[in-house]
Amino acid sequence: MKEFSSTVTKSILTGIQPSGVITLGNYIGAIKQMVRMQEEFKSTIFIADMHAITVPQDPNVLHENIRSLVALYIACGIDPEKNIIFIQSENEYHANISWLLECNTPFGELSRMTQFKDKSSKNVNFYAGLFTYPVLMAADILAYDVDYVPVGIDQKQHVELARNIAERFNKKFGETFKIPDVYITKEGTKIMDLVTPDKKMSKSSDNPKGVIRILDDIEDIRKKIMGATTDSECVVCFDPENKPGISNLINICVAITGQSIDQIEEMFQGKNYGEFKKYVADVVVEEISGIQKRYREIINSSELDSILDENIKIVRDIARNKFMMMKEKMGLYK
Ligand code: ATP
Ligand code: LTN
């Protein structure tokens, strides 16, 4: 059993889809934040592989990505001693809970999910799972009675849905779930695509030049940053509306170095964009090189398997209890 320090009382849970190698955006917006929070919270972090199959995946690539993501979590600083790390599909109770919740989720409420509207508009041949996916996300969260769900702003609506589902269920069937709060990363940490800085940097993007993946070749990372879209002004100042490219690079620096926006603007007063980009590339490359080195040490180790084997037992028990409780309250046979 994981030993948490006695001062740690509140809990957090988050998941990332293994829909590709994680990006600098996922690292800054989600993982780095979990690393910070692991000192203060009972932390659970999982690989949302059942969410990844809501859009078509190549089975071999998906399989690789799942293990790789576990190793990346650890390489990025998620401490297996302080976190329960597991793979969602290894705990079948998530899907079981999700079905019971689906039968208590109004169709209209799901139709309002903006991520569904976005993703379904890109492809006419989408599947039912893409529509019901936020309910599975609610199940992931509600199974564990967590206090906070740290996610980027794009996931806020889904956590709010989980709260609504839990409140409605509690009212209808009696107290069953803790109502979780969304924990949003700081405003500045939404990392944008380097080529089209009005779009968020995303794992599943089809423009490789705009996206930095944590396992990219180090020289390619440098090139991508040096080639990032900027503007014609040549002034390093934070203005997301009029200077989205430069503001995005400033955000990246702030997140990695811990400097303030003012400090960065001051450092580059009177300097050109080439010098600024070189600095950004240096800090990013230094951070990512360390992660890649740790990743190579972990990816094939048996330690990874032991961690997963130990953790799945813990989370299956917790989720199973919640499922049995729900079954009983809903009048299902048990
Ligand atoms: P996909 O392209 O498959 O939708 P994604 O890159 O958007 O993937 P998710 O798996 O949806 O990433 O998100 C994992 C976590 O990373 C979430 O908490 C999300 O809010 C956060 N995140 C994703 N992209 C960014 C970004 N560009 N900046 C900051 N946080 C991000
Ligand atoms: N839907 C999220 C990943 C995710 C998640 C969760 C995050 C699945 N289940 C539960 C927090 C809590 C995404 O696409 N980023």
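A. Representation of the overall build of the protein in the model. Each helix and strand in the protein was counted, giving 13 helices and five strands. Taking 334 residues into account, the globule formula puts the C-alpha radius of gyration at 20 Å, and the protein, at 21 Å, falls close to it. Sorting the 334 residues of the protein into buried and exposed places 51% on the buried side. Sequence-distant contacts, at least 24 apart, represent 76% of the contacts inside the protein between residues at least 6 apart. Carbon and sulfur atoms provide 51% of the accessible area of the protein, an area that totals close to 16,100 Å². Positive and negative side-chain charges of the protein, numbering 41 and 47 respectively, have mean locations separated by a distance of 4 Å.

B. Broad picture of the site of ligand 1. Inspection of the region around ligand 1 gives 19 residues, with Ile191, Lys200, Ser202, Lys203 and Ser204 positioned closest. Here Gly152 contributes a backbone N or O atom positioned 2.8 Å from an oxygen atom of ligand 1. Within the complex, 95% of the 600 Å² of free accessible area of ligand 1 lies under protein. In terms of residue count, helix 1 (residues 24-37) provides more of the shell around ligand 1 than any other element does, four residues in total. Taken together, the residues that form the shell around ligand 1 break down as five nonpolar, nine polar and five charged.

C. Spotlight on the site of ligand 2. Surrounding ligand 2, one finds 14 residues, the nearest of these being Gln17, Tyr133, Met137, Asp140 and Gln155. At 2.5 Å from a nitrogen atom of ligand 2 is found a side-chain nitrogen or oxygen belonging to Tyr133. If ligand 2 stood free it would expose 360 Å²; the protein chains cover 91% of that surface. Of all elements in the fold, only strand 1 (11-16), helix 7 (128-142) and strand 4 (148-151) reach the threshold of two or more residues within the shell around ligand 2. Across the shell around ligand 2, the residue classes tally to eight nonpolar, five polar and one charged.

D. Inspection of unusual backbone geometry at higher detail. Positive phi is not limited to glycine here, since Asp145 has a value of about 50 degrees. By secondary structure assignment, the location of Asp145 is in the loop between helix 7 and strand 4.

E. Expanded view of the pattern of salt bridges. On inspection of all chains with the given rule, the structure shows 19 salt bridges. Ionic pairing is found between Arg67 and Asp305, a salt bridge with its closest N-O pair at 2.9 Å. Here Arg67, found in helix 3 (residues 59-75), pairs with Asp305, found in helix 13 (residues 302-330); they are 238 residues apart in sequence, far enough to count as distant. Residue Lys224 is joined to Asp216 by a salt bridge in which the shortest nitrogen-to-oxygen separation is 2.6 Å. You can call Lys224 buried: its relative accessible area is 15%. Among the residues examined, Asp216 registers a relative accessible area of 14% and is labelled buried.

Cut-offs used in this document
- Residues numbered from 1 in each chain as written.
- Chains lettered and ligands numbered in written order.
- Predicted model: local features only at pLDDT ≥ 70, side-chain atom pairs only at ≥ 80, totals over all residues.
- Heavy atoms only, no water.
- Helix = DSSP H or I, 4+ residues; strand = E, 2+ residues; numbered from the N terminus.
- Rg over C-alpha atoms; globule rule 2.2 N^0.38 Å.
- Buried < 20%, exposed > 50% of the residue type's maximum accessible area, 1.4 Å probe, protein only.
- Contact = heavy atoms within 4.5 Å.
- Areas by Shrake-Rupley, 256 points an atom, 1.4 Å probe, with all protein chains shown as cover.
- Lys, Arg positive; Asp, Glu negative; His and termini not counted.
- Charge placed at Lys NZ, Arg CZ, Asp CG, Glu CD.
- Near = heavy atom within 4 Å.
- Polar contact = N/O pair within 3.5 Å; in protein donor to acceptor, adjacent residues only side chain to side chain.
- Nonpolar A, V, L, I, M, F, W, Y, C, P; charged D, E, K, R; others polar.
- Salt bridge = Lys/Arg side-chain N within 4 Å of Asp/Glu carboxyl O.

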